[in-house]
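These are the residues of each chain, in order.
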Amino acid sequence: MGKRIFILAMLLCIMSGSSYLNAASPKATRQYWVNTMLRIVAPVYENLANETLRKNMPVEVNDGSHTGKRADVSHLEALGRSFNGIAPWLNLGDYTSREGEQRRAMTQLVVKAITNAVDPSSPDYLPFDGPGTQPLVDAAFFAQGLLRSKDVIWPMLDSQTRQRIIDELKRSRKIRAWENNWLLFSATVEAALLQFTGECDFSKIKYALDRHNEWYKGDGWYGDGPSFHLDYYNSYVIQPMLVDVTAVVKENADKGEEYATYGAMYDKYVKRMARLAAQQEMLISPEGTFPMLGRSCGYRYGAFQALAHTSLLGTLPKGVSPAQVRSALTAVIKRQTVKSMFDDEGWLTLGFCGHQPDVAENYVSTGSAYLCCFVFLPLGLPTDAEFWSGKDEKWSSQRVWSGEAVMRDAAIKY
């Protein structure tokens, strides 16, 4: 299927989205998620596959201008963040259904896009080592996407592209991480190198895990550095990366005592993220809204990565069913996916609910907004998984505000 035909097919699916919403079956809901995800990411991959990403992607910043500020990093942000969110869906591989046809077409675009992104001769070459420090962030999100799609995407890349990716990941080491969640960006890069080459700088993984263990505040929350911040960075970065990094280390426990020791932390991190996931589910109002708290709220429903990731892993805590999470997250996606979330060419705009550039920080631009894709991680579950097969259920706030019986909440001690 040609790239232009692929995009037109996606748009036809989106235009028929109302029928999916009205049908309200788990199957229809999944198709709505797929169509919404593809609507968001299609411009990134169509353009990067055609080597026109830098040419065509707008770079809006928080004053609403397109003057070139952040243009040297925004395109890598769009790739790293969108890829990380769609990676589990790509990793399913199955191409036998209507959804499978969509996945096959997107997989082909993604492979071509990645190939161009790491090709120094391409006009869309996206270096991981600069300018500035921002590329470390999105090198790490890209690396996490590689880990999440390792069964499908990595084997489909040609040997030259795989080596270029490894070289780019190594070059990102020149960027020094700040003493906060950024330590996990360095650790995630090393985890990907460990996964795909068998070697890494383990000291960066060890340091990031040691510091975050020191910064744990209790009840499923880490400080972003020594201080506690009431924002969504425990979900945007901290807890999902702690889980994914230690998952790789755990698989390499035979490399030595340190690997075994730090890999054994995986179960603790999964439990803590499950607690955060339960709290996130309770934050979703009966109407599908949630609080705009702290910095980087322009990442929209990417705030729910911890809940989405926990659902993908099948580690939701007792009393939180996959079907109620699906229902709650669907409500959030529908509530925030409004017309002005996109510009006239289909690119994401800055804002929380619609186009609200004042919401964005100085480090946020068009590419940054693609972190919203993190909500789509449960699409990595097959269609017969409980998350996608169970009947719709009320989520916690719907039950409690309608007077139904609900479970008490309590802090965890681990």
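Remember, it's a predicted structure, so these values are computed and weren't measured experimentally.

What to know about the overall build of the protein chain
Turning to step 1, where the next piece is worked out: From N to C terminus, the protein chain includes 18 helices and two strands.
Turning to step 2, where the next piece is worked out: For 414 residues, the compact-globule estimate of 2.2 N^0.38 gives 22 Å, and the protein chain sits close to it at 20 Å.
Turning to step 3, where the next piece is worked out: With the C-alpha coordinates of the protein chain rotated into their principal frame, the extents come out at 60 × 55 × 45 Å.
Turning to step 4, where the next piece is worked out: For the protein chain, the proportion of its 414 residues judged to be buried stands at 61%.
Turning to step 5, where the next piece is worked out: In the form shown here, the protein chain has an accessible surface area of approximately 16,200 Å², with 53% of it arising from carbon and sulfur atoms.

A look at the packing of helix 12 (residues 233–251) against helix 14 (residues 266–283)
Turning to step 1, where the next piece is worked out: Where helix 12 meets helix 14, the axes come as close as 9 Å, and the angle between the chain directions of the two elements is 155 degrees. With respect to helix 14, the axis of helix 12 lies roughly antiparallel. Note on packing geometry: the crossing formed by helix 12 with helix 14 is left-handed. In this structure, helix 12 uses Asn234, Ser235, Gln239, Pro240, Leu242, Val243, Thr246, Ala247 and Lys250 to contact helix 14, whose residues at the interface are Tyr266, Asp267, Tyr269, Val270, Arg272, Met273, Leu276 and Gln280.
Turning to step 2, where the next piece is worked out: Looking at the contact of helix 12 with helix 14 residue by residue, the classes come out as nine nonpolar, five polar and three charged.

Some remarks on unusual backbone geometry
Turning to step 1, where the next piece is worked out: Here Gly130 and Pro131 are connected by a cis peptide whose omega angle stands at 5 degrees.
Turning to step 2, where the next piece is worked out: Within the fold, Pro131 resides in the loop between helix 6 (98–117) and helix 7 (134–148).
Turning to step 3, where the next piece is worked out: Its identity as a non-glycine residue notwithstanding, Glu51 has a phi of 60 degrees, on the positive side.
Turning to step 4, where the next piece is worked out: Examined against the element boundaries, Glu51 turns out to sit in the loop between helix 3 (26–49) and helix 4 (53–56).

A look at the environment of Ser327
Turning to step 1, where the next piece is worked out: Considering the arrangement of structural elements, one finds Ser327 in helix 16 (residues 322–336).
Turning to step 2, where the next piece is worked out: According to the relative accessible area criterion, Ser327 is buried, its value standing at 10%.
Turning to step 3, where the next piece is worked out: Discounting chain neighbours no more than four positions away, the residues touching Ser327 are Asp392, Glu393 and Trp395.

Overview of the environment of Ser82
Turning to step 1, where the next piece is worked out: Here Ser82 lies in helix 5 (residues 74–92).
Turning to step 2, where the next piece is worked out: For Ser82, a relative accessible area of 0% corresponds to the buried category.
Turning to step 3, where the next piece is worked out: Along the primary structure Ser82 and Ala42 are separated by 40 residues, whereas in three dimensions their C-alpha atoms are 9.7 Å apart.
Turning to step 4, where the next piece is worked out: The contact partners of Ser82, leaving out residues within four places of it in the chain, are Val41, Val44, Tyr45, Glu77, Tyr370 and Cys373.

A closer look at the packing of helix 5 against helix 7
Turning to step 1, where the next piece is worked out: Following both chains from N to C, one finds helix 5 and helix 7 inclined at 15 degrees, their axes separated by 8 Å at the closest point. As the angle between them shows, helix 5 and helix 7 are arranged roughly parallel. Considering the relative orientation of helix 5 and helix 7, their crossing is left-handed. For the pair helix 5 and helix 7, the contacting residues are Leu76, Glu77, Leu79, Gly80, Arg81, Phe83, Asn84, Ala87, Pro88 and Asn91 in the first and Gln134, Pro135, Val137, Asp138, Ala139, Phe141, Phe142, Gln144, Gly145, Leu146 and Arg148 in the second.

Brief notes about the pattern of salt bridges
Turning to step 1, where the next piece is worked out: For the structure on display, the rule yields 18 salt bridges.
Turning to step 2, where the next piece is worked out: The salt bridge partner of Glu77 is Arg81, with a shortest N-O separation of 3.2 Å. Of the two residues, Glu77 and Arg81 both sit in helix 5, four residues apart, roughly one turn of that helix.
Turning to step 3, where the next piece is worked out: Look at Glu77 and you get buried, because its relative accessible area is 0%.
Turning to step 4, where the next piece is worked out: Judged by relative accessible area, which is 2%, Arg81 ranks as buried.

Overview of a nonpolar patch on the surface
Turning to step 1, where the next piece is worked out: A contiguous nonpolar patch, built from Val400, Trp401 and Val406 and spanning about 350 Å² of accessible area, is present on the exposed surface.
Turning to step 2, where the next piece is worked out: With respect to the helices and strands, Val400 occurs in helix 18 (residues 396–401).

Conventions we followed
Residues numbered from 1 in each chain as written. Predicted model: local features only at pLDDT ≥ 70, side-chain atom pairs only at ≥ 80, totals over all residues. Heavy atoms only, no water. Helix = DSSP H or I, 4+ residues; strand = E, 2+ residues; numbered from the N terminus. Rg over C-alpha atoms; globule rule 2.2 N^0.38 Å. Buried < 20%, exposed > 50% of the residue type's maximum accessible area, 1.4 Å probe, protein only. Areas by Shrake-Rupley, 256 points an atom, 1.4 Å probe, with all protein chains shown as cover. Axes fitted to C-alpha atoms, helices over the stretch in contact; angles between N-to-C directions. Parallel < 35°, antiparallel > 145°, perpendicular 65-115°, else oblique. Left-handed = near helix turned anticlockwise from the far one by under 90°. Contact = heavy atoms within 4.5 Å. Nonpolar A, V, L, I, M, F, W, Y, C, P; charged D, E, K, R; others polar. Salt bridge = Lys/Arg side-chain N within 4 Å of Asp/Glu carboxyl O. Patch = residues over 30% accessible without salt bridge, like charges linked within 9 Å, V, L, I, M, F, W, Y side chains within 5 Å.

The analysis is restricted to geometry; functional conclusions fall outside its scope.
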